[in-house]
Structure formats: C-alpha cells, structure tokens
Amino acid sequence: MTTVICPYCFHRAQAARLPYRCLMARTGLRGGSPCDPERDDRWASFTGASHAPAAYLKGPVFVAPRTLGGLRGPGPRAECPHCGVPTPVRVCANCHSDLPSDYCEQDSRIIALVGAKASGKSTYVSVLVNELRHRVGQAYGAALAAMGDESQRRDREMAEDLYDRLRLPDATIPSAVGFNDPLLYRLSLPRKGFGRDGSRHTALVFFDAAGEDLKSAEAMNRYTQYLSAAHGIVLLVDPLQLGAVRDTLGDADGPMPAKDTPALQIAAEIATQLRSHGHGGSRGRVGIPLAVAVTKTDTVRGLLDPHSPLLGNAPHSGGRFDEADRLAVHEETRSLLEGWDSGALWRQLERDFSDVSLFGISALGAPPPAGAPADVPAAGPQPVRVEDPLLWLLARRGLLPVARPPRENGKGVPAA
Ligand SMILES: Nc1nc2c(ncn2[C@@H]2O[C@H](COP(=O)(O)OP(=O)(O)OP(=O)(O)O)[C@@H](O)[C@H]2O)c(=O)[nH]1
Ligand SMILES: [Mg+2]
Ligand SMILES: [Zn+2]
Ligand SMILES: [Zn+2]
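Owing to the predicted nature of the structure, the values given are computational and were not obtained by experimental measurement.

1. Quick word on the overall build of the protein
Thought 1: Summing up its helical and strand segments, the protein has 10 helices and 19 strands in all.
Thought 2: Its C-alpha radius of gyration of 23 Å places the protein within 12% of the 22 Å reference for a compact globule of 416 residues.
Thought 3: C-alpha extents for the protein along the principal axes are approximately 75 × 50 × 45 Å.
Thought 4: In the protein, the proportion of contacts linking residues at least 24 apart, taken out of those at least 6 apart, comes to 73%.
Thought 5: Here the protein has roughly 19,800 Å² of accessible surface; of this, 51% comes from carbon and sulfur atoms.
Thought 6: The centroid of the 47 positive side-chain charges in the protein is displaced by 7 Å from the centroid of its 46 negative side-chain charges.

2. Brief notes about the coordination of the zinc ion (ligand 4)
Thought 1: Ligation of the zinc ion (ligand 4) by protein atoms is provided by Cys22 (SG), Cys35 (SG), Cys80 (SG) and Cys83 (SG), these donors lying 2.3 to 2.4 Å from the ion.
Thought 2: Bound by 4 donor atoms, the zinc ion (ligand 4) shows angles of 103 to 117° at the metal and therefore tetrahedral coordination geometry.
Thought 3: All donor residues of the zinc ion (ligand 4) come from one chain, and their arrangement in sequence is C-x12-C-x44-C-x2-C.
Thought 4: Taking relative accessible area as the criterion, cysteine 80 reaches 2% and is therefore assigned buried.

3. Thoughts on the nonpolar core
Thought 1: Of all hydrophobic cores here, the largest spans 102 residues; its most connected members are Tyr124, Tyr185, Leu204, Ile233 and Leu349.
Thought 2: Two domains each provide a minimum of three residues to this core, namely domain 1 (3–104) and domain 2 (106–409).
Thought 3: Filtering out sequence-adjacent residues up to four positions away, leucine 349 remains in contact with Ala267, Leu290, Val292, Val356 and Leu358.

4. Side note on the pattern of salt bridges
Thought 1: Taken as a whole, this structure holds 18 salt bridges when the rule is applied.
Thought 2: For the salt bridge of arginine 165 with aspartate 161, the shortest nitrogen-to-oxygen distance reads 2.3 Å.
Thought 3: The class for aspartate 161 is partly exposed, based on a relative accessible area of 29%.
Thought 4: Three or more residues are tied together by salt bridges with common partners; here these are Arg21, Asp40 and Asp98.

5. Some remarks on the domain arrangement of the protein
Thought 1: Partitioning the protein into structural domains gives domain 1 (3–104) and domain 2 (106–409).
Thought 2: Its C-alpha centre places domain 1 at a distance of 34 Å from the equivalent point of domain 2.
Thought 3: Taken together, the contact between domain 1 and domain 2 spans 12 residues of the former and 18 residues of the latter.
Thought 4: For the pair domain 1 and domain 2, the summed buried area comes to about 1,400 Å², and 62% of that belongs to carbon and sulfur atoms.

6. A closer look at the site of ligand 1
Thought 1: Inspection of the region around ligand 1 gives 21 residues, with Lys117, Thr123, Thr172, Gly211 and Asp298 positioned closest.
Thought 2: A distance of 3.2 Å is found between an oxygen atom of ligand 1 and a backbone nitrogen or oxygen belonging to serine 119.
Thought 3: Take alanine 363: an N or O atom from its main chain is 2.9 Å from an oxygen atom of ligand 1.
Thought 4: Protein burial of ligand 1: of its 650 Å² of free accessible surface, 89% is covered by the chains.
Thought 5: Class assignment for the residues of the shell around ligand 1 results in 9 nonpolar, 8 polar and 4 charged.

7. Here's the deal with the coordination of the zinc ion (ligand 3)
Thought 1: Those protein atoms acting as donors to the zinc ion (ligand 3) are Cys6 (SG), Cys9 (SG), Cys92 (SG) and Cys95 (SG), and they sit at 2.3 Å.
Thought 2: The coordination sphere of the zinc ion (ligand 3) comprises 4 donor atoms, whose angles at the metal cover 106 to 113°; the geometry is tetrahedral.
Thought 3: Sequence positions of the donors to the zinc ion (ligand 3) reduce to the motif C-x2-C-x82-C-x2-C. Note that cysteine 9 is positioned in the loop between strand E1 (3–5) and strand E2 (12–14) and cysteine 95 in the loop between strand E9 (90–91) and strand E10 (98–99), a separation of 86 residues in sequence. Summarising the burial analysis for this pair, cysteine 9 and cysteine 95 share the class buried.

8. Structural notes on the pairing of strand E15 (residues 232–237)
For a regular strand, side-chain orientation follows a simple rule: the groups alternate between the two sheet faces.
Thought 1: With respect to burial, E15 is a largely interior element, 6 of its 6 residues being buried.
Thought 2: The alternating pattern of E15 places Gly232, Val234 and Leu236 on one face and Ile233, Leu235 and Val237 on the opposite face, and all of these are buried.
Thought 3: For strand E11 (residues 108–115) and E15, the ladder comprises 5 bridges, and the chain directions are parallel. Bridging from a neighbouring strand, valine 114 pairs with leucine 235 of E15.

9. Focus on the sheet that holds strand E12 (residues 143–146)
Thought 1: In spatial order, the strands read E12-E13-E14-E11-E15-E16-E18; together these 7 strands make up an open sheet with mixed pairing. Only two strands of the sheet have a single neighbouring strand rather than two, namely E12 and strand E18 (356–360). Each strand of the sheet is rotated relative to its neighbour by a mean of 25°, with strand direction disregarded.
Thought 2: Sheet strands in contact with helix H4 (residues 149–164) are E12 and strand E13 (183–190), and its direction is about 85° off that of E13.

What counts, and at which threshold
Residues numbered from 1 in each chain as written. Chains lettered and ligands numbered in written order. Predicted model: local features only at pLDDT ≥ 70, side-chain atom pairs only at ≥ 80, totals over all residues. Heavy atoms only, no water. Helix = DSSP H or I, 4+ residues; strand = E, 2+ residues; numbered from the N terminus. Rg over C-alpha atoms; globule rule 2.2 N^0.38 Å. Contact = heavy atoms within 4.5 Å. Areas by Shrake-Rupley, 256 points an atom, 1.4 Å probe, with all protein chains shown as cover. Lys, Arg positive; Asp, Glu negative; His and termini not counted. Charge placed at Lys NZ, Arg CZ, Asp CG, Glu CD. Donors = N, O, S within 2.8 Å, 3.2 Å for Na, K, Ca; no water. Tetrahedral: all angles 85-135°; square planar, octahedral: opposite > 155°, others 65-115°. Buried < 20%, exposed > 50% of the residue type's maximum accessible area, 1.4 Å probe, protein only. Core = buried A, V, L, I, M, F, W, Y, C linked by side-chain atoms within 4.5 Å. Domains from an automatic or database assignment. Salt bridge = Lys/Arg side-chain N within 4 Å of Asp/Glu carboxyl O. Buried area = accessible area lost by both parts, 1.4 Å probe. Near = heavy atom within 4 Å. Polar contact = N/O pair within 3.5 Å; in protein donor to acceptor, adjacent residues only side chain to side chain. Nonpolar A, V, L, I, M, F, W, Y, C, P; charged D, E, K, R; others polar. Pairing = 2+ DSSP bridges. Axes fitted to C-alpha atoms, helices over the stretch in contact; angles between N-to-C directions.

Put into structure tokens, the structure is as follows:
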C-alpha cells in the first residue's frame, strides 16, 4: 500500500483513500449539467487570506465509494456523485490541496532543508537538482523529474536563472509575506534484479523556506510540521558566519555577509521543537537523520590541506554510496569545526541528535564575482560534493546501494 504524505500540510494517508475533486467539465451526456464551483473553506482556512476571493471557488471534493470487497481503492479516476463525470484530481483530506496525480503513485520522502538566512539553501537546491539529473544520475542510473505544473515551472525557472542567465537566486520570501510551495520531484532508482524497467520511484519533497522563518514562532510552527514529517533533515551552515573564519579571511575578497542566527542555535531550536512533537528518543536525542553541511567550502579552500577530501567529489564507484568516503568527509569537517568554534556546534549536535553526519559542500565552486555579487561565477556553477547529504539520507533509508568500508578502517567511528 502506498502512503502519501501531503507536501503542503504533511498529513499522512493511504493513496487509495485520497478524496477527489470534480473538474466541473460538461458531460455531454443525457443533457446533464456540470457541477458549479463551491467555496472550499477547508483550503481557504489552510492557505489563509493570501488569494483573491475567486480563487477559493473550486470543484466539489468527494470521497469515492470503495470498490466491491473493500480491498482496493477506486483507482486513478472516480465519477463525481453530483454530475457523474470522472475526475483524476486527488486532494489531501486534511487541507484540500490538489496533489499532482503522479505524486500519489509512490511513497513520499520528505527531505527538510534548514539554514540561517543566506546560508545557501536556494542555490543548493537548484544545483543539487541539476547534479542529480546529470553527473550523479549517471553514476547511479537515476532519473529525476519535477511533478505537477507548479514544480515544473519553478524547476525550469531555477535552471534558466542559474545555468543560462548565470543569476543567483533572490532571497526567498518569508512565509509571513507569501506562501512558499514545496518543490516536488520523482526520483527513480534502479532496483536490483528487476531488469531494465525495474525502477523504484520515490517522491522527494524539498521545502525551501526563507532564513527568517526560523526566527518567528508562528512561521517556525509550520516549519516544525514539516520537520516532524521529514525522513531526513539537511541543515546548511555558512562558514562565513563563524567568527574565527571571518577573522582569518577578512574582507579582502569583498564584504562578509551580515551576521545571522548561529547554526548552533538553529540546531538546538529544531531539536527542542521536534522533542515537543514526540521525536525525543533515547536520552532525549532526536532520531530523524540529520545531515549537517558546511556550505560555500570554496571560500575556505585556502584553509584546507591539499589532500582534503572536501576538495573533490565522492567517487560513486559502481553506482554505490561510499561509506569510507563519507566517514573521511565527516572527520575532516569535524576537525575543521573544532578549529573554528572549538567544537561547540558538534557537541551540541551530538547531544541533540542520535544520527548525525557532517558534510562540506560548495554549490558554486567559487565565490560570486567581486564586482557582480548577484551573479554566478562566469564559468557557471562548478559544484563540489553537493549530492553527499541527500545520498547519505537516501542510503540511510535503504534506497541506495552502499559500499561499506572494511571493518579495520572503522576505527571506533560507528558505521551508519
Ligand atoms: N562562495 C559561495 N557563495 C555562495 C554559494 N552558494 C551561495 N552563495 C552565496 O550565498 C548567497 C545566498 O544564497 P541563497 O541560496 O540565496 O541562500 P538562502 O539560504 O536561500 O537565503 P534566504 O532565502 O534569504 O534564506 C548567494 O547570493 C551567494 O552570494 C557557494 O557555493 N559559494
Ligand atoms: Mg532562499
Ligand atoms: Zn494537506
Ligand atoms: Zn461534479
């Protein structure tokens, strides 16, 4: 049975039990008249007063009768009980948001993305999607497709901005100002032993909020719903927010970004919120896997050893996630943080989360040009290791084959 998690309100449901929305189409049959639009109060109260009144008038929502025997759901189309015309449109029973039809055909995996303002979230998503389509997709035999009109439109826009126009994303609008829809993708990965067409499809939901949303309690509440439903969380940490890095680099390459909420505080707040939603496991530690990625590693390249694993991409040999490589990156990032903040962030993470791994990524591969801070470097994005956090989370859920290190290399670090 397929479990669908609404990407808007994060309500869980069996796919077969999702209600339908009538399309209000003319029947052409027996002179029947189409359904009239009705005010959808449930959807209106979920989205708030952010739309014009006419937008709340929608086709009636109905629950299709279960088929004989009650064993199977009514299938991909159901006849509207009022006008008799079949409709394929499924909606969430809780918030009445329309769900893309292909979204309901596979289990959903919510990957939550958090980070302070300007930590690099939007740039990361855009580059990650591109890498999954090309280099990483090729290594794993994976395919990625945006689902639904809205995600497809934004997916195209993101790629055109970053890769064709070489423009960096604008600051994301905080949820108090506008409603940020999640980005929905279908990730298809080969299933061993199922031949050429044996793919396993997973719906990936990325919710790219604005950094400000971590500051207000009201916005944080929606954020917490999302984090609470997540199968994995990616926390982005901007090294340029750490005092020691700021002091070492100075502003020779342009001004430093304004100081924002420290990552340590964000991590602690997330843990507190998740515990209050029943996610505190043994010793109060949160069990949802947390990937903590230091972003913009291109800016600290001068502080790295020439052999640092953070300077090149993971091998992905044989289409497998390399666990020894992940451990090397984790240790390297941990020792960098040790030097930068005396290990305070890592200690906090270890106290609050039982399944956490550190990463170092650069979405752009180089800083934006000094004279054009809103532009991508002229050579285009040259990402380093952007895929690692997501692949680790997918591997944790058994969705990717893993190459494990020989035991003697484990050296006391627990294997994931
Ligand atoms: N050097 C370097 N700078 C980066 C990189 N990625 C992002 N940046 C810089 O960080 C800025 C903010 O990036 P965004 O992706 O908009 O950050 P965000 O977290 O989405 O920000 P909000 O939406 O405002 O919360 C960009 O305008 C770039 O200047 C990178 O890989 N390297
Ligand atoms: Mg953003
Ligand atoms: Zn919903
Ligand atoms: Zn109808």
